[in-house]
Amino acid sequence: MNSNPLAIKRVTARAVDAPISRPVKNAFGVIASAPLVLIDVATSQGVTGRSYVFAYTKLTLKPLVQLIEDVGRELVGKTIVPHELMALMDAKFRLLGWQGLVGMAVSGLDMAFWDALGQSASQPLVTLLGGSPRPIRAYDSYGVVDPDQDKAVLRRSLERGFRGIKIKGGDGDLANDERVVRGVRDLIGPDIALMVDFNQSLDPSEAKRRIERLAPYDLHWIEEPVPAENLQGHAEVRASSPISIQSGENWWFPRGFAEAIAARASDFIMPDLMKVGGVTGWLRVAGQAEAASIPMSSHLFAEASSHMLAVTPTAHWLEFLDFAGALLAEPAQIVAGTVTARGPGLGLSWDEAAVAKYRL
């Protein structure tokens, strides 16, 4: 281990449009590919910290790349001490605000900083954080499905050992939601956790109506039934729901989770590393979850999330939705329905031939 402090030498960002194994349809449209920004933080010691962020749409790729590189230029020469760099960026963007592209850029950089520290120490990030790599229970994450047409792929999830499956709701009326949930439950049996994600598509009244109809199918959770920022609406739905409510992928940074927990908005929480403030933000939210005895899952970023959940006291489920696998030299692996953290750092290395192929 090199005892010299790491310093930022250069930050580069590249836009890619990665293929995914199956389209993800939700109540608002279809994600047919994964627009990603790959971040590389070159350091004075020669190691390069890596991370990626999911841009949701190709429209945001160009401004994200420019923002990440512009912020990175202002950080050149700074020692990689993530908590201090987060405070520095907080001061820089306090008046502008954290949400949106700024929050994504800050979070992506934070993940790359921690990756560089892990690589410099020749340790997986989870070890650097005081934990150890261990199998984390994962669920297979789907979009809208048809229990008849998608029977083979759903059964493939069971064959890979997944003990949980998530599907999207809200693509149609209540009768269609019930048809799909009933069909999937019949297919996977009573012992597999089944989650339904409404992607913020309902108002509280309609959410309560649909939840009441779906309750007999033993759902593990209902995810984001109403708009994420409507904490009162979430709390209202939760108060009457016979099914646990899950939310958090669209709450920004630790402050957003503090407000949601205070509002009693959700039974479970699921931070997104790209919106919670990266590794630094996740650690702070994990402390909140432990204090409030709230089970905490992940959203996307299976490679990094396997490190973070291994040091999360109330670790619940890891979401497996492989957006970056086509670009990685060593994609995340499912073993008996689990994912185990790999290193050094976050265990990310780019397949440069694939990056060149899909780069925009």
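Check the entry above for the structure.
Per chain, residue numbering runs from 1 following the sequence as it is written. Residues qualify for local features only when their pLDDT is at least 70, as the model is predicted, and side-chain atom pairs are given and counted only at 80 or more; totals for whole chains, interfaces and linings, by contrast, use all residues. As a rule here, side-chain values cover all heavy atoms of the structure and leave hydrogens and water aside.

1. Structural notes on the overall build of the protein
Applied cut-off: In this description a helix means any DSSP run of H or I spanning at least four residues, a strand means any run of E spanning at least two, and both kinds are numbered starting from the N terminus. The reference for a compact globule is 2.2 Å times residues^0.38; the radius of gyration itself is calculated from the C-alpha atoms. When accessible area is computed with a 1.4 Å probe and restricted to protein chains, residues below 20% of their type maximum are described as buried, those above 50% as exposed, and intermediate ones as partly exposed. Per-residue and other accessible areas follow the Shrake-Rupley method at a 1.4 Å probe size, with only the shown protein chains counted as cover for residues. His is not counted here, nor are the chain ends, while Lys and Arg score as positive and Asp and Glu score as negative. For charged residues, the charge sits on one atom: NZ in Lys, CZ in Arg, CG in Asp, CD in Glu.
From N to C terminus, the protein includes 13 helices and 11 strands. The C-alpha radius of gyration of the protein comes to 20 Å, within 12% of the 21 Å expected for a compact globule of 360 residues. When the 360 residues of the protein are sorted by exposure, 57% land in the buried category. Within the structure as shown, the protein displays about 14500 Å² of accessible surface, and the carbon and sulfur contribution to it stands at 50%. A distance of 3 Å separates the average location of the 36 positive side-chain charges in the protein from that of its 40 negative side-chain charges.

2. Considering the nonpolar core
Keep this limit in mind: Throughout, nonpolar core names a set of buried Ala, Val, Leu, Ile, Met, Phe, Trp, Tyr and Cys residues whose side chains join them through atoms within 4.5 Å. A contact between two residues is defined here by any heavy atoms of the two lying within 4.5 Å.
Grouped together as the largest cluster of nonpolar side chains are 90 residues, with contacts concentrated most on Leu36 and Phe323. Sorting elements by how many residues they give to this core places helix α3 (residues 101-120) first, with 10 residues. Among residues more than four places away in sequence, those in contact with Phe323 are Ala18, Ile20, Val24, Ile31, Ala34, Leu36, Phe54 and Leu300. In terms of nonpolar packing, the next biggest core, distinct from the first, is built from 25 residues, Ile192, Phe198, Tyr217 and Val226 among them.

3. As for the packing of aromatic side chains
Quick note on the threshold: Aromatic pairs are defined between Phe, Tyr and Trp rings, using the six-membered ring for Trp, whenever the two ring centres lie within 6.5 Å; interplanar angles under 30 degrees are classed as stacked, those over 60 as edge-to-face, and all others as tilted.
Tallied over the entire structure, the rule returns nine aromatic pairs. An angle of 45 degrees between the planes, with centres 4.5 Å apart, marks the rings of Phe54 and Tyr56 as tilted. On the basis of relative accessible area, Phe54 is assigned to the buried category, the value being 2%. Aromatic side chains Trp98 and Phe253 sit 4.4 Å apart centroid to centroid with 40 degrees between the ring planes, which places their arrangement in the tilted category.

4. Comments concerning helix α2 (residues 82-93)
To keep things clear, this is the line we draw: How far a helix is expected to stretch is found by multiplying one less than its residue total by 1.5 Å. The arc in question is the one traced by the directions running from the helix axis out to the C-beta atoms.
An ideal rise of 1.5 Å per residue puts 16 Å on 12 residues; α2 measures up with 16 Å between its terminal C-alpha atoms. Looking only at α2, the buried set comprises Pro82, Leu85, Met86, Met89 and Phe93. End-on view of α2: buried residues confined to an arc of 105 degrees, all on one side of the axis. Pointing more than 90 degrees away from the buried face of α2 are the exposed residues Glu84 and Ala91. Where the residues of α2 are buried, they touch β1 (8-26), α1 (61-75), α3, α9 (253-262) and α11 (278-292).

5. Quick notes on the pattern of salt bridges
Oppositely charged side chains may form a pair once their charged atoms are brought near each other. Definition in use: The term salt bridge refers to a pairing of a side-chain nitrogen on Lys or Arg with a carboxyl oxygen on Asp or Glu at a separation within 4 Å.
Scanning all chains against the criterion turns up 21 salt bridges. Here Lys25 makes a salt bridge to Asp171, at a shortest N to O gap of 3.4 Å. Placement of the pair is Lys25 in strand β1 and Asp171 in the loop between β5 (164-168) and α6 (174-188), with a sequence separation of 146 residues. Looking at Asp171, the relative accessible area reads 26%, which means it is partly exposed. Arg50 is the salt-bridge partner of Asp40, the closest N and O atoms lying 3.8 Å from each other. Here Arg50 lies in strand β3 (residues 48-54) and Asp40 lies in strand β2 (residues 29-43), a separation of 10 residues in the sequence. Within this structure, Lys166, Lys168, Asp197, Glu223 and Glu319 form a network of salt bridges that share partners.

6. A look at the pairing of strand β6 (residues 193-197)
It is a general feature of regular strands that their side chains alternate between the two faces of the sheet. This is how it is decided: DSSP bridges decide pairing: two strands pair if at least two such bridges lie between them. Handedness of a crossover is defined as follows: orient the strands so they point away from the viewer, and if the path from the first strand over the helix to the second runs clockwise, the crossover is right-handed.
When you tally the buried positions in β6, you get five out of five residues, the bulk of the element. What you see with β6 is no split at all: Ala193, Met195 and Asp197 on one side and Leu194 and Val196 on the other are buried throughout. Pairing geometry for β5 and β6, over five bridges, is parallel. Across the sheet, Ile165 pairs through a bridge with Leu194, a residue of β6. Note on the crossover from β5 through α6 to β6: the handedness is right-handed.

Scope: geometric values only; no functional claims are made or implied.
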